[in-house]
Structures are given as C-alpha cells and as structure tokens.
Amino acid sequence: MALRLYNTMSSRIEEFHPLCDNEVRMYACGPTVYDYGHIGNFRTFIAVDLLHRFLRQSGYKIHHVMNITDVDDRIIRNAARDGVTVQQYTAKYEKAFLEDSVMIGIEQPTIVRATEHIREMAEFVAKLVEKGIAYRTEDGSYYFRIAKFPQYGKLSKKDFSGMQDGARVDVDEYDKDSARDFALWKAPKPGEASWDTVIGPGRPGWHLECSVMSMQELGESFDLHAGGEDLIFPHHENEIAQSESLTCKPFAHFWFHARFLLVEGEKMSKRLGNFFTLRDLVLKGHKPSSIRYLLTSVPYRNQLNFTFDGLKQAAVSVERLRNFRLRLTAGNFPAGANLAMQSLAAETVDRMRTALDDDLNTAQAQGAIFEMVRQANAAFDTGSIKQDDVPPLLSALQRFDEIFAVLDDDDGPKMKQVMEWAPTEGREKDISDELREAVRSNQLTDADIESKVAAMKAARASRDFKASDALRAKLADAGIIVEITKDGIRWRRK
Ligand code: AMP
Ligand code: ZN
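Computed from a predicted structure; not experimentally measured. (Residues numbered from 1 in each chain as written. Chains lettered and ligands numbered in written order. Predicted model: local features only at pLDDT ≥ 70, side-chain atom pairs only at ≥ 80, totals over all residues. Heavy atoms only, no water.)

## Looking at the overall build of the protein chain
Now for step 1: The helix and strand tally for the protein chain stands at 16 helices and 17 strands.
Now for step 2: The principal-axis extents of the C-alpha atoms in the protein chain amount to approximately 90 × 50 × 35 Å.
Now for step 3: Burial analysis of the protein chain (494 residues in total) assigns 55% to the buried set.
Now for step 4: Expressed as a percentage of contacts within the protein chain between residues at least 6 apart in sequence, the contacts between residues at least 24 apart total 76%.
Now for step 5: For the protein chain, the accessible area works out to roughly 21,800 Å², and carbon and sulfur atoms hold 49% of it.
Now for step 6: If the 66 positive side-chain charges of the protein chain are averaged to one point and the 74 negative ones to another, these points end up 4 Å apart. (Helix = DSSP H or I, 4+ residues; strand = E, 2+ residues; numbered from the N terminus. Buried < 20%, exposed > 50% of the residue type's maximum accessible area, 1.4 Å probe, protein only. Contact = heavy atoms within 4.5 Å. Areas by Shrake-Rupley, 256 points an atom, 1.4 Å probe, with all protein chains shown as cover. Lys, Arg positive; Asp, Glu negative; His and termini not counted. Charge placed at Lys NZ, Arg CZ, Asp CG, Glu CD.)

Here's what the structure looks like:
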C-alpha cells in the first residue's frame, strides 16, 4: 500500500508518489531565528521529521531541504535595536535551534540560509520584472502584482476576485484578508541592514526567500512543501504565485501543513503565561524523549493539546517501551519459538505501517506497539516467550523507533547539556530541582548501566562479591537500583 497524505492544495487525501523515480524532494519552511524555538514550532518540525523518517522506511531516497530565515522584518528591527549586525543577532538563535533539534531527535535536513542567497533572490526579482509580473516603486522596493496571477488564492481557497489592483502590503506577515500586491524586495531604511544587488540596494521579503531556495535546491517542480498551518496564507500562497508565474510549471505537488498546538486548551501566548520553549520544559526537569513522544502522539492534522499531565503520561509510555526492550535484551529464554509471539510481532509491524500509510496516523501506530507490549509482557509473566521470539519482537520495536525515536536512553546527557547551556543564556536561576535530580539519575545511559551490570555478573560468577558490591554501590550513587534475583540481575532507575 502506498502512503496516503492530505494535500492542502486539493483538500483531499491522495496517494503519495514522487514525481521522479524513487526520490522524494521535499522542502520545509524552517524557523525564523529571532528567538528560541517553542513547542508549537517543534510540533511542526517533528511532524515533518516523522514524514521524512516514514518515507525513508518506505524505501524512498529523500532530499529534504529546510531554510533558516535569518533575515525578516523582526530580525532587522531587533538587530537595529540591539546595535548588532543581522548575523550577530541571529547566530545565537540559529545555534540554539540546531541544538534543540538534536535534543528532540530531529534528523537534520539540508539547511539553507536566506542571507547566503541574496544575489539569487535579486536575480529572481529581476526576471519577474522582465516578465511584467513585478514592479518597482519609487523608493526602490519591488512588489508582486497579484492581478498577473489569476490563480492567486488557490491554496488557501480565498476568493480575491474583488480585490483592488495595485493595493500594496509591505510587511512579511499580514492579515488573512489582505489580498494585496506583496513586497518581494524592500528598499533600505536608515539604520537597517541591506545588500547591494543588481536590482539596487535592499533586502528580500520573507516569501521570496523560500521560493528561490527551494527551487535552487530541488528544481522548479518538486514533491512536497511543508510547514505549520499558519503558513498557508500568505506565505505559501505567495511562494506559489512567485514561483509558478516565473516558471509556468506547478511548484510543489503536495502541500503538507501541521495543525497548531494548544497549551492546556489555549493558544500559546506569552501574555497567558503558557508559552514554553523546548528549553523551558527541560529546565523544569522534563525529558526530551517525553516531549518528543507527546508531540508525536496526536496525528499532525488533529489539534494537539499540550498539557503537563499529558507530558507525565508520555514519560510513563516511553519508560514502558524501554523497560520492555530491556526485558527482551536482558532476559534468559527457553529454546524454541512461540508462534503466537512470532505472528504478534509481524502483525504489529503491519499495523504500524497501515496506520502511518493512513495520513501518518501516529496515534494508531503507537497503539499498535503498546498492544504488542501488553500481550508480550503477559507472555513473559507466564514464561511463554521463547528464544526465537526475541528477534522479531525487537525488530518490531526497532521499526517503531526508526520513526518515533524515543527508545535510546540519552535523556540524561541531553538534559545535562541544557543545564550547561543555561548559564550562558542568563537563565541559571531557572534550573529546577527536578532537572538536577533527573540529570543525576540519568547520568548513565542504558548501555553504561548494562556494561556495569555485566561486570557485576562476571564478578559474581567468580565469587568476587566485594567487586560486585562496589559496582552496585556505584550504580546506586548514580540513581540506579539493582536487584539481584534468582533469575539474574535486574535494574531500574530511581
Ligand atoms: P516561525 O519560526 O514562526 O517561522 O515558525 C516555524 C514553524 O513553526 C512554522 O512552520 C510555523 O508554522 C510553525 N508554528 C508556529 N507556531 C506553531 C504552533 N503553535 N503550533 C504548530 N506549529 C507552529
Ligand atoms: Zn517558507
């Protein structure tokens, strides 16, 4: 079965096939680096990461590009306010974004930066002017004449037929109802950054950045363009208008939009005090894996309500999966195979694939793995898992984790890193006791613990109980409880 995805352009779920061969060319709008990334941003970025991982698991080659918007109205304004260059202003936030992405398990796509493509952007505007689609105003700015693109509104399904020709809007983000000629290029303002180019001095508009960089990297027509739902209008509508009026070819085939995230039932806003960056949550002691799990637990087109209760449950879910894997890898099983377990593993793989093929139904895929864990745990308790059942069960977990990426226990080192980042951001005081405790009891990864436990077993086998006790004490210091039972040694985190 092929992946079926919702396409905002057709407003329908369609079968997804790449335009060319077996390679998916996809572009996702990246962050505007004027602040730290919040969990809403990461809901969208993780949805795109999931899509990328699932396409790869489905056998496609992926060329995935993401831009970093390192010049726009807010950046220019803030840089001028702080008396620094645009690059100095954005460097810190770009670095933070890339660090956060690693922390939350996002595989890095090919990154392109707006400020590194200014020349190409100016040339693009020059071509639009040549075709009579763009025009220059007296101050040296350039606008896109939307009357020249009759399909304007086709993505957002807005009817702009009654709009006033020549009315202009020059900000990067604007009201949903404004169908106006939009700025492609803005003339310099005193005290603000600008670049000298073939069309004169100035700086690109935000929409232009994505058209130019996506086509440069992926070609004039490519498979999929992604972003949060707020980008449908005007950003993506404008990208389509600029690109298609220049090339006379369809720009992106599929339009993928993630629904906005709510926090405790409300729109996230600084004013309501429910605005959280990824770092804020880690500083409060929440694990990156719990955050990732929660952000993937609701399919990308459904409303996700982020709550602290949900975050706690997500932590329990991840723990349950990790413990199950540990049980499989550390246990001793009788020889042979239990056909029920073999088919459970195979069915689970099928159910996960069917769920994700269905417009990335992540909730159902997670449901499938938990059903497997429930049944296999029950089989454990009655001793009916056999040696040959372990590899297929592990492989189902592995397939799950190729997409969800929460099983590797690297939360401790990641959280420690956030503690170390914090002082440089002047936020030392915000480190919670919960984070300190989490870092303490997660300083060892599963692999570290496993190797110490293996050393304990070896020591006990040679009746060196002193060495075994010393290892056990070391583990206890790191917040790991070791239980020695007649079936062997088991451990868990405090
Ligand atoms: P920005 O840095 O504002 O350009 O946003 C980066 C990405 O995050 C874009 O794809 C936005 O659509 C997306 N985004 C912003 N806020 C939210 C939210 N509350 N929920 C989901 N996605 C969001
Ligand atoms: Zn974009």
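Structure shown, so let's carry the discussion forward.
## Overview of the pairing of strand 11 (residues 222–228)
Now for step 1: The element strand 11 is largely enclosed, with a buried count of seven among its seven residues.
Now for step 2: Examined bridge by bridge, strand 3 (residues 23–28) and strand 11 share three bridges and lie parallel to one another. Considered in strand 11, the bridge of Tyr27 is made with His225.
Now for step 3: Pairing between strand 11 and strand 12 (residues 252–258): six bridges, direction parallel. Note on strand 12: the bridge partner recorded for Leu224 is Phe254.
Now for step 4: In this fold, strand 11 hands off to helix 6 (residues 232–247), which returns the chain to strand 12; that crossover is right-handed. (Pairing = 2+ DSSP bridges. Right-handed = clockwise from strand over helix to strand, strands pointing away.)

## Side note on empty space enclosed by the protein
Now for step 1: Per the stated rule, a full pass over the model turns up five cavities of 30 Å³ or more.
Now for step 2: Looking at the largest cavity, its volume works out to about 140 Å³.
Now for step 3: Lining the largest cavity are 15 residues; nearest its centre among them are Met66, Ser101, Ile106, Glu107 and Pro109.
Now for step 4: Breaking the lining of the largest cavity down by element, the ones donating at least two residues are helix 1 (39–57), strand 4 (61–68) and helix 3 (86–103).
Now for step 5: Per-element tally for the lining of the largest cavity: the top contributor is helix 3, with four residues.
Now for step 6: Across the lining of the largest cavity, the residue classes tally to ten nonpolar, three polar and two charged. (1 Å grid on protein atoms, 1.4 Å probe; cavity = no way out; pocket = protein on both sides within 12 Å on 5 of 7 lines; lining within 4 Å. Points joined across faces, edges and corners; volume = space filled by probe spheres on them. Nonpolar A, V, L, I, M, F, W, Y, C, P; charged D, E, K, R; others polar.)

## Overview of the sheet that holds strand 14 (residues 266–267)
Now for step 1: Read across the sheet, three strands follow the order 14-13-15 without closing on themselves; strand pairing throughout is mixed. Pairing within the sheet leaves two strands with one partner each, and these edge strands are strand 14 and strand 15 (304–306).
Now for step 2: Looking at chain direction, strand 13 (residues 261–263) and strand 15 are connected through three bridges and run parallel. For Leu262, the partnering residue across the bridge sits in strand 15 and is Asn305.

## A short note on the layout of surface pockets
Now for step 1: By volume, the largest pocket amounts to about 980 Å³.
Now for step 2: Elements supplying a minimum of two residues to the lining of the largest pocket: helix 1, helix 3, helix 5 (206–218) and strand 11.
Now for step 3: Sorting elements by how many residues they give to the lining of the largest pocket places helix 1 first, with five residues.
Now for step 4: Taken domain by domain, the makeup of the lining of the largest pocket includes at least three residues from each of domain 1 (21–258) and domain 2 (263–402).
Now for step 5: Roughly 670 Å³ of volume is contained in the second largest pocket.
Now for step 6: At the level of secondary structure, the elements contributing two or more residues to the lining of the second largest pocket comprise helix 9 (308–330), helix 11 (362–381), helix 15 (446–461), strand 16 (480–485) and strand 17 (488–493). (Domains from an automatic or database assignment.)

## Quick word on the site of ligand 1
Now for step 1: The immediate surroundings of ligand 1 are formed by 15 residues, with Gly40, Thr44, Gly228, Asp230 and Leu261 found nearest.
Now for step 2: Within the backbone of Gly40, a nitrogen or oxygen atom sits 3.0 Å from a nitrogen atom of ligand 1.
Now for step 3: A distance of 2.9 Å is found between an oxygen atom of ligand 1 and a backbone nitrogen or oxygen belonging to Gly228.
Now for step 4: Its free accessible area being 490 Å², ligand 1 has 90% of it covered by the protein chains.
Now for step 5: The pocket occupied by ligand 1, as judged from atoms lying within 2 Å of grid points, is the largest pocket.
Now for step 6: Contributions of two or more residues to the shell around ligand 1 are made by helix 1 and strand 11.
Now for step 7: The greatest single-element share of the shell around ligand 1, amounting to four residues, is contributed by helix 1.
Now for step 8: Split by residue class, the shell around ligand 1 holds five nonpolar, eight polar and two charged. (Near = heavy atom within 4 Å. Polar contact = N/O pair within 3.5 Å; in protein donor to acceptor, adjacent residues only side chain to side chain. Sits in = over half its atoms within 2 Å of the grid points.)

## Description of the domain arrangement of the protein chain
Now for step 1: Domain boundaries assigned for the protein chain yield domain 1 (21–258), domain 2 (263–402) and domain 3 (442–493).
Now for step 2: For domain 2 and domain 3, the distance between their C-alpha centroids amounts to 27 Å.
Now for step 3: Facing four residues of domain 2, the contacting portion of domain 3 comprises five residues.
Now for step 4: Note on domain 2 versus domain 3: buried area summed over both sides is about 440 Å², and carbon and sulfur give 42% of it.
Now for step 5: It is Lys287, Leu326 and Ala330 in domain 2 that bury the most area against domain 3; as a group they hold 63% of the surface buried on that side.
Now for step 6: The tally of links from domain 2 across to domain 3 stands at zero salt bridges.
Now for step 7: Counting across the interface, domain 2 meets domain 3 through zero residue pairs in polar contact (both at pLDDT 80 or more).
Now for step 8: Classifying every residue of the side of domain 2 that touches domain 3 by side-chain character gives one nonpolar, one polar and two charged. (Buried area = accessible area lost by both parts, 1.4 Å probe. Salt bridge = Lys/Arg side-chain N within 4 Å of Asp/Glu carboxyl O.)

## With respect to the coordination of the zinc ion (ligand 2)
Under ideal tetrahedral coordination, the four donors around a metal are separated by 109.5 degrees; under ideal octahedral coordination, the six donors are separated by 90 or 180 degrees.
Now for step 1: Each protein donor to the zinc ion (ligand 2) is listed here as Cys29 (SG), Cys210 (SG) and His235 (NE2); together their distances run 2.0 to 2.2 Å.
Now for step 2: For the zinc ion (ligand 2), the donor residues sit on a single chain with the sequence spacing C-x180-C-x24-H. Residue Cys210 is located in helix 5, and its partner His235 is located in helix 6; the two are separated by 25 residues in the primary sequence. As far as burial versus exposure is concerned, Cys210 and His235 are alike and both buried. (Donors = N, O, S within 2.8 Å, 3.2 Å for Na, K, Ca; no water.)

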